[in-house]
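# Reading the structure
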Amino acid sequence: DAKTTQPTSMDCAEGRAANLPCNHSTISGNEYVYWYRQIHSQGPQYIIHGLKNNETNEMASLIITEDRKSSTLILPHATLRDTAVYYCIAAMNSGYSTLTFGKGTMLLVSP
Amino acid sequence: EAGVAQSPRYKIIEKRQSVAFWCNPISGHATLYWYQQILGQGPKLLIQFQNNGVVDDSQLPKDRFSAERLKGVDSTLKIQPAKLEDSAVYLCASSLTSGGIQETQYFGPGTRLLVL
């Protein structure tokens, strides 16, 4: 699986958009970009995933660059409950492919 | 829909003792995962089951760790004997995956292990 690089931490004001970057310059053509988050003392929670098109669901939007070497997770209106560690993972879309978690980005949403 | 259940939530043992963790996945989920999460790091996959068969146990320290998933439902992870470096949160996850595509993994709350 391709390695991903994320900032260690980010801050965001409540109500503003949180834009979390991820670099995956060695991603292969059949690897998807997955995002999970982990709120303190809980297990990780799936957010969204995509291959090359931008994706949106009720939680977030995922913007992938045309060359697929980087992506951005967007939380459009961050709330205090969005404070968590966010993990960006590149993995094949196969049931036998594993998710390799890095250290992620600690997002702190403040009032 | 009930989530992934794990027990116990916390466990404190002394080194060289043994310990076991239990996981009940979401009903109908074919795939079950055990992860180890050391403080300050992301979860690391230890073992993946497809029904009651092992798909991937390449990162499981087999000299001290063992896991089983009898009848393809519940699973137990055992450490015997425990070392100080085994102090971590042990997370169980499950997915509907039947081997075709990577599907969403649903995680339990984890078991926090402290080895003294």
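Residues numbered from 1 in each chain as written. Chains lettered and ligands numbered in written order. Predicted model: local features only at pLDDT ≥ 70, side-chain atom pairs only at ≥ 80, totals over all residues. Heavy atoms only, no water.

## Re the side chain of A:H24
All names here are of chain A. Convention followed: A run of H or I in DSSP counts as a helix once it spans at least four residues, and a run of E counts as a strand once it spans at least two, with each numbered from the N terminus. Each residue is assigned to one of three classes by its accessible area relative to the maximum for its type, calculated with a 1.4 Å probe on protein chains only: buried under 20%, partly exposed between the two thresholds, exposed over 50%. Any pair of nitrogen or oxygen atoms within 3.5 Å is treated as a polar contact; in protein, a donor-acceptor pairing is required on top of that, and neighbouring residues in sequence qualify only through side-chain atoms on both sides. Two residues form a contact once any of their heavy atoms are found within 4.5 Å.
Along the polypeptide, H24 turns up in the loop between β2 (18-23) and β3 (31-38). Here H24 falls in the buried class, since its relative accessible area comes to 0%. A distance of 2.8 Å separates a polar side-chain atom of H24 from the backbone oxygen of R68. At 2.9 Å, the side chain of H24 forms a polar contact with the side chain of S71. Apart from the residues lying within four places of it in its own chain, the contact partners of H24 are K3, T4, V33, R68, K69, S70, S71 and C88.

## Concerning the packing of aromatic side chains
Here is the rule we go by: The criterion for an aromatic pair is that two Phe, Tyr or Trp rings (for Trp, the six-membered ring) have centres within 6.5 Å, with stacked assigned to planes under 30 degrees apart, edge-to-face to planes over 60 apart and tilted to the rest.
This structure, assessed with the given rule, holds 11 aromatic pairs over all chains. Here the aromatic rings of A:Y32 and A:Y34 are separated by 6.3 Å at their centres, their planes lie at 40°, and the arrangement is tilted. The burial state of A:Y32 is the same as that of A:Y34; both residues are buried. Arranged with centres 5.6 Å apart and planes meeting at 75°, the rings of A:Y36 and A:Y46 form a pair that is edge-to-face. Of this pair, A:Y36 sits in strand β3 while A:Y46 is found in strand β4 (residues 45-50), placing the two residues 10 residues apart along the sequence. Classification of A:Y36 by relative accessible area gives buried; the value is 1%. One aromatic cluster is present, built from ring pairs that chain together A:Y36, A:Y46, A:Y87, A:F101, B:Y33, B:Y35 and B:F107.

## Some points on the interface of chain A and chain B
What counts, and what does not: Using a 1.4 Å probe, buried area is obtained as the accessible area two parts lose upon being combined, added over both of them. Take a side-chain nitrogen of Lys or Arg and a carboxyl oxygen of Asp or Glu: if they are within 4 Å of each other, that pair is a salt bridge. Ten residue types, Ala, Val, Leu, Ile, Met, Phe, Trp, Tyr, Cys and Pro, are classed as nonpolar, four, Asp, Glu, Lys and Arg, as charged, and the remainder, Gly among them, as polar.
The interface is formed by 19 residues belonging to chain A together with 24 residues belonging to chain B. Buried area between chain A and chain B, summed over both chains or domains, comes out near 1,700 Å², and the portion from carbon and sulfur atoms is 52%. Across the contact surface, chain A and chain B share zero salt bridges. Counting every contact that joins chain A to chain B gives four residue pairs in polar contact (both at pLDDT 80 or more). Of all the secondary-structure elements, those providing two or more residues to the side of chain A that touches chain B are β3 and β8 (84-92) of chain A. Tallying contributions element by element places β3(A) first for the side of chain A that touches chain B, with three residues. Along the lines of polarity and charge, the residues of the side of chain A that touches chain B split into nine nonpolar, nine polar and one charged.

## Quick look at the pairing of strand β5 (residues 44-50) of chain B
Residue and element names in this part refer to chain B. For clarity, the threshold we go by: A pair of strands is considered paired only if DSSP assigns at least 2 bridges between the two.
For β5, a buried count of six out of seven residues is recorded, marking the element as mostly surrounded by other parts of the structure. Of the pairings in the sheet, the one linking strand β4 (residues 31-37) to β5 comprises six bridges and is antiparallel in character. Bridge assignment links Y35 to a residue of β5, and that residue is L45. Where β4 hands over to β5, the hairpin turn is made up of six residues, of which G40 adopts a positive phi near 90°.

## Side note on unusual backbone geometry
Geometrically, the link from B:S7 to B:P8 is a cis peptide bond, its omega value of -10° lying close to zero. Within the secondary structure, B:P8 is located in the loop between β1 (5-7) and β2 (10-13). For the peptide bond that leads from B:Q80 to B:P81, omega is -5°, which places it in the cis range. When you line up the elements, B:P81 lands in the loop between β8 (75-79) and β9 (88-95). Not every positive phi belongs to a glycine, and A:R68 is a case in point at roughly 65°. Within the fold, A:R68 resides in the loop between β6 (61-64) and β7 (70-75). The buried category is assigned to A:R68, whose relative accessible area is 9%. Residues other than glycine seldom take positive phi values, yet B:K71 does so here, at roughly 65°.

## Concerning the sheet that holds strand β3 (residues 19-24) of chain B
All names here are of chain B. So the rule is basically this: To obtain an axis, a line is fitted to C-alpha atoms, over the contacting stretch when the element is a helix, and the angle between two such axes runs from 0 to 180 degrees between their N-to-C directions.
Taken together, four strands build an open sheet; the order of strands is β1-β3-β8-β7 and the sheet is antiparallel. The open sheet has two edge strands with one neighbour each: β1 and β7 (65-68). Geometrically, the sheet is characterised by an average inter-axis angle of 15° between neighbouring strands, direction not taken into account. As defined by bridge partners, β7 adjoins β8 across four bridges and the pair is classed as antiparallel. From the neighbouring strand, E68 faces β8, where its bridge partner is T76.

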